Amino acid sequence: GDGLSNVEEFHAGADPRQSASTAAIAGVAVREGRLELRFSTLAGRRYWIEQRDVAGLTGWRDVHGPLTGVGREVTVALPVQTFAPGAFFRVRVAP
């Protein structure tokens, strides 16, 4: 599974029967002082990148977005120095 319920995927405009239609981070790279996160998008949906520290003390916070989906994979670059070591990231999607 991808961690989302079928209802959550439906409300995000994804197909619960196709794992490729979820808003999951597909790739991570560090280049030239930037953290690059790669994920698939559905045309017209809005996406946010959220981050929290490894201890989970601060909760999730938006660090990029909204980004409007274009129906293909996109890469978002964020400055590495903004994040503590061991930070967690996720993609949030809204219809």
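The notes below deal with the structure included here.

Conventions adopted
Residues numbered from 1 in each chain as written. Predicted model: local features only at pLDDT ≥ 70, side-chain atom pairs only at ≥ 80, totals over all residues. Heavy atoms only, no water. Helix = DSSP H or I, 4+ residues; strand = E, 2+ residues; numbered from the N terminus. Buried < 20%, exposed > 50% of the residue type's maximum accessible area, 1.4 Å probe, protein only. Contact = heavy atoms within 4.5 Å. Areas by Shrake-Rupley, 256 points an atom, 1.4 Å probe, with all protein chains shown as cover. Pairing = 2+ DSSP bridges. Axes fitted to C-alpha atoms, helices over the stretch in contact; angles between N-to-C directions. Core = buried A, V, L, I, M, F, W, Y, C linked by side-chain atoms within 4.5 Å.

### Regarding the overall build of the protein
Part 1: Helix and strand counts for the protein come out as one helix and six strands.
Part 2: Its helices and strands taken in sequence order, the protein reads α-β-β-β-β-β-β from the N to the C terminus.
Part 3: Taken across its 95 residues, the protein has 27% of its residues classed as buried.
Part 4: By sequence separation, contacts in the protein at least 24 residues apart represent 57% of the contacts at least 6 residues apart.
Part 5: For the protein, the accessible area works out to roughly 6,000 Å², and carbon and sulfur atoms hold 53% of it.

### A short note on the sheet that holds strand 5 (residues 73–79)
Part 1: With antiparallel pairing, the three strands of this open sheet are ordered in space as 1-2-5. The outermost strands of the open sheet, each flanked by one partner alone, are strand 1 (25–31) and strand 5. The sheet shows a mean angle of 20 degrees between the axes of neighbouring strands, taken without regard to direction.

### Structural notes on the nonpolar core
Part 1: Counting residues in hydrophobic clusters, the biggest one holds ten residues: Leu 35, Leu 37, Phe 39, Tyr 47, Ile 49, Val 74, Val 76, Leu 78, Phe 83 and Val 91.
Part 2: Of all the elements in the fold, those that place two or more residues in this core are strand 2 (34–40), strand 3 (46–52) and strand 5.
Part 3: The contact partners of Leu 35, leaving out residues within four places of it in the chain, are Val 28, Ala 29, Val 30, Val 76, Ala 77, Leu 78, Val 80 and Phe 89.

### Overview of unusual backbone geometry
Glycine aside, the phi torsion of most residues is negative, and most peptide linkages are trans.
Part 1: With an omega dihedral of 5 degrees, the bond running from Gly 65 to Pro 66 counts as a cis peptide bond.
Part 2: Relative to the helices and strands, Pro 66 resides in strand 4 (residues 61–68).

### Structural notes on the pairing of strand 3
Part 1: In terms of burial, strand 3 is largely enclosed, as five of its seven residues are buried.
Part 2: Here strand 3 pairs with strand 4 via five bridges, running antiparallel. Bridging from a neighbouring strand, Ile 49 pairs with His 64 of strand 4.
Part 3: Where strand 3 and strand 6 (residues 88–94) come together, seven bridges link them in antiparallel fashion. The residue bridging Arg 52 from the neighbouring strand is Phe 88, located in strand 6.

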